[in-house]
Amino acid sequence: MSTFSSAFRPRRIAISALLLATCALASGCSSIDRLSQIGEQPKLSAIDNPTTQPGYKPVQMPMPKPEVASYNPNSLWRSGSRAFFKDQRAHQVGDILTVAVNITDKANIENDTQRSRTNKEDSGITDFVGAKTLGAQAQKVLPGRILTADSTASSEGKGSVDRKEALQTNVAAVVTQVLPNGNLVVEGKQEIRVNYEIRELIVAGIVRPEDIQSDNTIDSTKIAQARIAYGGRGQIMDVQQPRYGQQVMDVLLPF
């Protein structure tokens, strides 16, 4: 057994060294980029087409059968149209609409469970086959108490959740895809730089054209498959994040 473990010990050491080297290389490249920006404001991201990003994937969802538009004779109205005049709301790829992000989540949950049980079993014979008449020596040999058992069990559990989240802002999103049933896939990103800190807001999801207001705005609660991210990067985030070495040790250490 010692020979088997010693044979695989160099391999484990090599794997650990490879992981550490990879993490060090990744953190080193990031550190070099950050060192080159010392004393300068963090750079804003370039305006790119979201569909050309490496992680972009077209949305595919179950679609109903397409309906053929019908035109009534001697009528300017077309069935399926949302208005008599041209609709200025977003309806095709490249159009822009405003998303009103309004998140005010609040959760307060508290659970308390207690359970206890006490059991006691005691059985015996006070006079076994005339043990008292046989004398003290017989009482030492003959059984007195046959069974004595005690058990006590108790458990107590408590849990609580108190969470409050609030985010209210607006962001302009671009229609990146029109699904076969007419729903729009939108994606928007906003970056704001204040001194040496960048705050970014990302909104993506699927909206119904009917939910878009007349002023070309839509509430974030009406976005299906919504993906909303709010964060930042800069000097403040550098202080709040643990060092690379600590993050590596948190992943590798089993205890």
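Before any of the text, the structure's been laid out above.
Residues numbered from 1 in each chain as written. Predicted model: local features only at pLDDT ≥ 70, side-chain atom pairs only at ≥ 80, totals over all residues. Heavy atoms only, no water.

Peer 1: Give a description of the overall build of the chain that names residues and reports values.
Peer 2: Looking only at helices and strands, the chain features five helices and six strands. Ordering the α and β elements of the chain from the N terminus gives α-β-α-α-β-β-β-β-β-α-α. A buried classification covers 16% of the 255 residues belonging to the chain. A separation of at least 24 residues holds for 67% of the contacts in the chain among residues at least 6 apart in sequence. (Helix = DSSP H or I, 4+ residues; strand = E, 2+ residues; numbered from the N terminus. Buried < 20%, exposed > 50% of the residue type's maximum accessible area, 1.4 Å probe, protein only. Contact = heavy atoms within 4.5 Å.)

Peer 1: I'd like a description of the pattern of salt bridges, backed by residues and values.
Peer 2: Applying the stated criterion across every chain yields a total of six salt bridges. Note that Glu 197 is salt-bridged to Arg 199, the shortest N-O span being 3.3 Å. The class for Arg 199 is partly exposed, based on a relative accessible area of 31%. Between Arg 233 and Glu 200 there is a salt bridge whose closest N-O contact spans 3.2 Å. (Salt bridge = Lys/Arg side-chain N within 4 Å of Asp/Glu carboxyl O.)

Peer 1: An account of the nonpolar core is needed here, citing residue identities and associated values.
Peer 2: Within the largest apolar cluster, 16 residues are counted, with the highest numbers of intra-cluster contacts made by Leu 97, Val 99, Val 101, Val 186 and Val 203. Listed by contribution, the elements that provide at least two residues to this core are strand S1 (96–124), strand S2 (145–178), strand S3 (184–194) and strand S4 (197–207). With four residues, the single largest contributor to this core is S2. Excluding residues that lie within four positions of it along the chain, Leu 97 makes contacts with Ala 90, Val 171, Ala 172, Ala 173, Val 175, Val 186, Ile 212, Asn 216 and Ile 218. (Core = buried A, V, L, I, M, F, W, Y, C linked by side-chain atoms within 4.5 Å.)

Peer 1: Give a detailed account of the side chain of Gln 177, specifying residues and quantitative values.
Peer 2: Here Gln 177 shows up in strand S2. With relative accessibility at 17%, the residue Gln 177 sits in the buried group. A polar contact of 3.1 Å, which involves the side chain of Gln 177, links it to the backbone nitrogen of Val 59. Those residues in contact with Gln 177, other than ones at most four positions away along the chain, are Tyr 56, Pro 58, Val 59, Val 93, Asn 183, Leu 184 and Val 185. (Polar contact = N/O pair within 3.5 Å; in protein donor to acceptor, adjacent residues only side chain to side chain.)

Peer 1: Account for the environment of Pro 58, with residues named and values stated.
Peer 2: In this structure, Pro 58 sits in the loop between helix H1 (2–35) and S1. C-alpha of Pro 58 to C-alpha of Gln 177: the two residues are 119 residues apart in sequence and 7.6 Å apart in space.

Peer 1: Describe the environment of Arg 227, with residues and values.
Peer 2: Assignment of secondary structure puts Arg 227 in strand S6 (residues 224–234). C-alpha of Arg 227 to C-alpha of Ala 204: the two residues are 23 residues apart in sequence and 5.1 Å apart in space. At a separation of 3.3 Å, a polar atom in the side chain of Arg 227 contacts the main-chain carbonyl oxygen of Gln 225.

Peer 1: Any chance you could break down the side chain of Thr 176 for me, citing the residues and the numbers?
Peer 2: Tracing the sequence through the fold places Thr 176 in strand S2. Taking relative accessible area as the criterion, Thr 176 reaches 10% and is therefore assigned buried. Excluding residues that lie within four positions of it along the chain, Thr 176 makes contacts with Pro 50, Thr 51, Tyr 56, Val 93, Val 185, Val 186 and Glu 187.

Purely spatial values, then, with no claim about function.
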